[in-house]
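Here's the letter readout for the chains.
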Amino acid sequence: MSAAKSTEGVNPFHMAQKQFDHTADLMGLSADAREILRWPLREFKFQIPVRMDDGSLRVFFGYRVQHNDARGPAKGGIRFHPSETLDTVRALAMWMTWKTAVVNIPLGGGKGGVAVQPASLSRRELEALARGWIRGIWRNIGPRIDIPAPDVGTTPQMMGWMMDEYSHLVGAYTPGVITGKPIPAGGSPGRREATGFGVVYQIREAMKLLNMEPEKTTASIQGFGNVGRHAALAYQKFLGGKVVAVAYWDNHDQRPYTIASDDGLDVEFLASITDVFGTIDKDRAREAGYRVEDGDAWLRKDVDVLIPAALEAQIREDNVHLISDRVRILAEAANGPTTPEADEVLKTRNILVIPDFLCNAGGVVVSYFEGVQSDMNYYWTKDEVLERLDTKLTHAFHEVFRLAHGEGLYPREAAYIVAIQRVVQSMEARGWI
Ligand code: NAD
């Protein structure tokens, strides 16, 4: 299996449009609003020539898509991944519009990327690529226009280089142009943990709805990057539950594996043997007494909670049946991990689904806090940031689940309705429709 197959042939933008069309029908959305929201407002594709360490010149393609900015500047990460396409970026940009709206922060939706395997580049080449991405797009981003952030394959260090490049180009220190920066470069305390912790704050609320005892529960996670790792840490630390399996993409073998232990994994130890791209040292995991299983094993685990935290289209019609009857909560930490066809199956199962753009909104909430702090040039403590994050997400979670229960809706439908209504209200108030 190659990295290029990681989305299993599913076009994420078709998935995003299908979900949108379904909700638009459900809520009787006007034709005018549909016309605008089905497609991004603006799309950019540009060359990034990079002088490689061996002296050759390699031309990469960079993307930025701004799906909607009715509620504020576009906002969303930059992904460095070999299967990045314009359609992946479009889908992720659209999901960002719903994400910022569902948690009610004054931002729109955007996303960017480069088709590249970042683990194959040296540090110098990565810096050249990150700076090149900014040089290709800098006139079309900015603290009042569009504010990028990290995503799969990009790191706080890359955000630091990008902020520096932008500041040089505009001739003024501008930390508010990008979020997810290292703290000494204007980053916010708590940003690194935000997405994973936010996932677990919502699992905690879901467990209250289901009368579950968190410390007696187990979880299985796909992905051990920024999101999966912090979700795993928080699951043990805040809920007292056990993480029994973690799947990851092995950059050396070019295939996924699952690391498992029925007694629970020591997440901090696992984090200490994982590289910046989320590849775990499986030999050291084996030495520690853990099992190394196939890439799908995480999905088959007999656990209470499943947390897909890797890529889109991982739970599909062909594998959704692998999910055990014991699973009570599916917390979608990744963007678009479940296809619409798998959703139809999940609707018939006794599983509470925390939909992606609500579940993983912690990152963008703290990115918003980071932007506010960067613009003020005044920073809060980590505790303050995480407390504000918890309040914001807990409120959004209950807003969505109240609507879902009140109207008998699937949680994804309820989250879409809350989000789309907010975007439409802003478009109306600005006279777009
Ligand atoms: P990352 O690059 O830090 O980590 C990705 C992880 O997924 C790695 O451990 C990698 O090995 C694993 N992976 C990749 N393909 C896999 C496969 N086929 N099978 C098993 N594991 C696989 O990325 P991240 O920032 O943690 O993002 C993960 C997901 O969360 C993405 O969908 C991203 O869009 C979403 N997300 C991220 C943030 C954020 O703040 N970073 C915020 C919201 C949503």
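Predicted model, so just to flag it, every value in this text is computed and none were measured. For every chain, the first residue of its written sequence is number 1, and the numbers climb from 1 along that sequence. Predicted model: local features are reported for residues with pLDDT of at least 70 only, side-chain atom pairs are reported and counted for 80 or more only, and whole-chain, interface and lining totals are derived from all residues. By convention in this description, side-chain values take in all heavy atoms of the structure and omit both hydrogens and water.

**Student:** Describe the domain arrangement of the protein chain, with residues and values.
**Tutor:** The source of the domain bounds is an automatic or database domain assignment. For the protein chain, the domain assignment lists domain 1 (42-187) and domain 2 (192-354). In this assembly, 15 residues from domain 1 lie in contact with 8 residues from domain 2. At the boundary of domain 1 with domain 2, total buried surface from both sides reaches about 840 Å², with 62% on carbon and sulfur atoms. In this description, buried area is defined as the sum, over both parts, of the accessible area (probe of 1.4 Å) that is lost when the two are combined. The largest per-residue losses of area from domain 1 upon contact with domain 2 belong to Arg79, Trp95 and Ala119, which jointly make up 36% of the total buried on that side. Salt-bridge detection follows one rule: a side-chain nitrogen of Lys or Arg within 4 Å of a carboxyl oxygen of Asp or Glu. Seen at the junction of domain 1 and domain 2, the total is 1 salt bridge. The residue glutamate 312 makes a salt bridge to arginine 79 at a minimum N-O spacing of 3.0 Å. Between N or O atoms, a polar contact is any pair within 3.5 Å; within protein, one atom must be a potential hydrogen donor and the other a potential acceptor, and residues adjacent in sequence are included only when both atoms are from side chains. Linking domain 1 with domain 2 are 2 residue pairs in polar contact (both at pLDDT 80 or more), by the criterion used here. We call two residues contacting when some pair of their heavy atoms lies within 4.5 Å.

**Student:** Mind laying out the packing of aromatic side chains, listing which residues take part and the relevant values?
**Tutor:** When two rings of Phe, Tyr or Trp (its six-membered ring) have centres within 6.5 Å they constitute a pair, described as stacked for plane angles under 30 degrees, edge-to-face for angles over 60, and tilted for the intermediate range. Tallied over the full model, the rule gives 12 aromatic pairs. Our definition puts a charge over a ring when NZ of Lys or CZ of Arg is within 6 Å of the ring centre and also within 35 degrees of the ring normal. One cation-aromatic arrangement involves lysine 45 over phenylalanine 61; the distance from NZ or CZ to the ring centre is 4.7 Å. Over the ring of tryptophan 380 we find arginine 388, and its NZ or CZ is 3.9 Å from the ring centre.

**Student:** Residues and numbers for the site of the ligand, please.
**Tutor:** For this purpose, a residue is taken to be near a molecule or strand whenever a single non-hydrogen atom of the residue falls within 4 Å of it. Around the ligand sit 25 residues in total, of which Asp151, Thr195, Phe224, Trp249 and Asn335 are the nearest. Backbone polar atom of phenylalanine 224 to an oxygen atom of the ligand: 2.9 Å apart, as the coordinates give it. Strands are runs of DSSP state E lasting at least 2 residues, helices are runs of H or I lasting at least 4, and numbering of each runs from the N terminus. Elements that contribute at least two residues to the shell around the ligand include exactly helix H6 (191-209), helix H7 (226-237) and strand E7 (242-250). Each of domain 1 (42-187) and domain 2 (192-354) accounts for three or more of the residues forming the shell around the ligand.

**Student:** So, the pairing of strand E1 (residues 42-51): which residues are in play, and what are the values?
**Tutor:** Two strands pair if DSSP finds at least two bridges between them. Relative to strand E2 (residues 57-68), E1 runs antiparallel, the two being bridged by 10 bridges. Bridge assignment links isoleucine 48 to a residue of E2, and that residue is phenylalanine 60. Remark: 5 residues form the turn of the hairpin made by E1 and E2, two consecutive strands paired antiparallel; glycine 55 in that turn has positive phi of roughly 95°.

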